[in-house]
Amino acid sequence: MAELQEVQITEEKPLLPGQTPEVAKEAELAARILLDQGQTHSVETPYGSVTFTVYGTPKPKRPAILTYHDVGLNYKSCFQPLFQFGDMQEIIQNFVRVHVDAPGMEEGAPVFPLGYQYPSLDQLADMIPCILQYLNFSTVIGVGVGAGAYILSRYALTHPDMVEGLVLINIDPNAKGWMDWAAHKLTGLTSSIPEMILGHLFSQEELSGNSELIQKYRNIVTHAPNLENIELYWNSYNNRRDLNLERGGAVTLKCPVMLVVGDQAPHEDAVVECNSKLDPTQTSFLKMADSGGQPQLTQPGKLTEAFKYFLQGMGYMASSCMTRLSRSRTASLTSAASVDGNRSRSRTLSQSSESGTLPSGPPGHTMEVSC
């Protein structure tokens, strides 16, 4: 019997009929460019069509990062500075991203006809399962700002098994009270819709300072071709229901949560109140100094750093290298008992410019972080 010989076979990607290796490489490069640019889809839901853009490819045993923007913005104007930040690239290489545009907020969206019934924030949350079913995604980590943070919270309350974690920036979980309504009506008599939305997005100090960033976003909101659609989204936000969150109660967010707000931001008090209503063993509270009303625009580096720690606490990216922030700052962690009996023990993280590292670990306590 002839002696058997071991033959090593190198696996190669099969070429299509008539396809040369050069053509195959060009096709692969084009596919990668397409993934980098994002693939935009639209799906029909019980409450109308919704558009979303997908970046990257699904990773085994990892959730997708799903974002939802605030009023007056779309996914690009709300999140591009954050996700295009250099240190964020390590994160986005490890997760597929889904950026949702609220109906009528996507670029080039036609103006809705007069009398169109725009979905409520609860109904916008009910559109998300249609998106995930279309993409065949099982779980997500949500990143939302303002109205988007409310929408993702509502989705997490109704579909807790689908949400592994939430990053909520400028969330206001409360419905507007009578005093809020009166102030809103009075403001509407003297201010235009763009001015009211800008007051929702940025602090009065920022608007008065009229920095280059403020000029840019004032132009985006004021000259938006879909301003009528934006007003509908704005009205839905102002008519939101109370999330009725209760620490230790039946209605609460069961996943890890990172709350983020800028120091002196318009929604600072609302986020502080939200923090008091969530499980302290699952919640991190990040109050960012010198970040204004939109931390993801003004401090993408600091927010990226915090997001990495948040993901590490959830068991992802355990070998991640920390960014220049951890190398350039040292952290001192001090504990203090709360003056309010209803609030649990809190911690404040302060950073200096000396070298050092930030503490990592799971979100096992409520943390108030000033950075």
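To start, this report covers the structure provided alongside it. (Residues numbered from 1 in each chain as written. Predicted model: local features only at pLDDT ≥ 70, side-chain atom pairs only at ≥ 80, totals over all residues. Heavy atoms only, no water.)

1. Thoughts on the packing of aromatic side chains
- Throughout the structure, instances matching the rule amount to 10 aromatic pairs.
- Considering the side-chain rings of Tyr118 and Tyr233, the 6.2 Å spacing of their centres and the 40° angle between planes classify their relative orientation as tilted. Residue Tyr118 is found in the loop between β4 (97–101) and α4 (121–126), and its partner Tyr233 is found in helix α11 (residues 227–238); the two are separated by 115 residues along the sequence. Like Tyr118, the residue Tyr233 is buried in the burial classification.
- Ring pairs connect the aromatic residues Phe112, Tyr116, Tyr118 and Tyr233, which therefore count as one cluster.
- Looking at Arg62, its charged tip hangs above the ring of Phe95, at a distance of 5.3 Å from the centre. (Phe/Tyr/Trp six-rings, centres within 6.5 Å; stacked < 30°, edge-to-face > 60°. Helix = DSSP H or I, 4+ residues; strand = E, 2+ residues; numbered from the N terminus. Buried < 20%, exposed > 50% of the residue type's maximum accessible area, 1.4 Å probe, protein only. Lys NZ or Arg CZ within 6 Å of the ring centre and 35° of its normal.)

2. A word on the packing of helix α5 (residues 128–135) against helix α6 (residues 147–158)
- Where α5 meets α6, the closest approach of the two axes is 11 Å, and the angle between their N-to-C directions is 75°. Here α6 runs roughly perpendicular to α5, going by the angle between their axes. Contacts between α5 and α6 pair Ile128, Pro129 and Leu132 from the former with Ile151, Leu152 and Tyr155 from the latter.
- Here the contact of α5 with α6 is built from residues that sort into 6 nonpolar, no polar and no charged. (Axes fitted to C-alpha atoms, helices over the stretch in contact; angles between N-to-C directions. Parallel < 35°, antiparallel > 145°, perpendicular 65-115°, else oblique. Contact = heavy atoms within 4.5 Å. Nonpolar A, V, L, I, M, F, W, Y, C, P; charged D, E, K, R; others polar.)

3. Here we look at the pattern of salt bridges
- In total, this model carries 7 salt bridges according to the counting rule given.
- Of the charged contacts, one joins Lys308 and Glu90 as a salt bridge, the two residues approaching to 2.8 Å between their closest N and O atoms. In this pair, Lys308 sits in helix α14 (residues 300–313) while Glu90 sits in helix α3 (residues 89–92), placing the two residues 218 residues apart along the sequence.
- By relative accessible area, which is 26% here, Glu90 ends up partly exposed.
- Across the salt bridge formed by Asp172 and Arg240, the nearest N and O atoms sit 3.0 Å from each other. Highlighted residues: Asp172 in the loop between β6 (163–169) and α7 (178–190) and Arg240 in the loop between α11 and β7 (257–262), separated in sequence by 68 residues.
- Using a relative accessible area of 15% as the deciding quantity, one classes Asp172 as buried. (Salt bridge = Lys/Arg side-chain N within 4 Å of Asp/Glu carboxyl O.)

4. A look at the packing of helix α8 (residues 193–201) against α11
- Relative to each other, α8 and α11 sit at 50°, their axes nearing to 11 Å. Compared by their axis directions, α8 and α11 come out oblique. Once α8 is placed against α11, the crossing between them reads as left-handed. Across the interface between the two elements, Ile193, Pro194, Met196, Ile197 and His200 of α8 pack against Leu227, Ile230, Glu231, Trp234 and Tyr237 of α11.
- Among the residues making up the contact of α8 with α11, the classes are represented as 8 nonpolar, 1 polar and 1 charged. (Left-handed = near helix turned anticlockwise from the far one by under 90°.)

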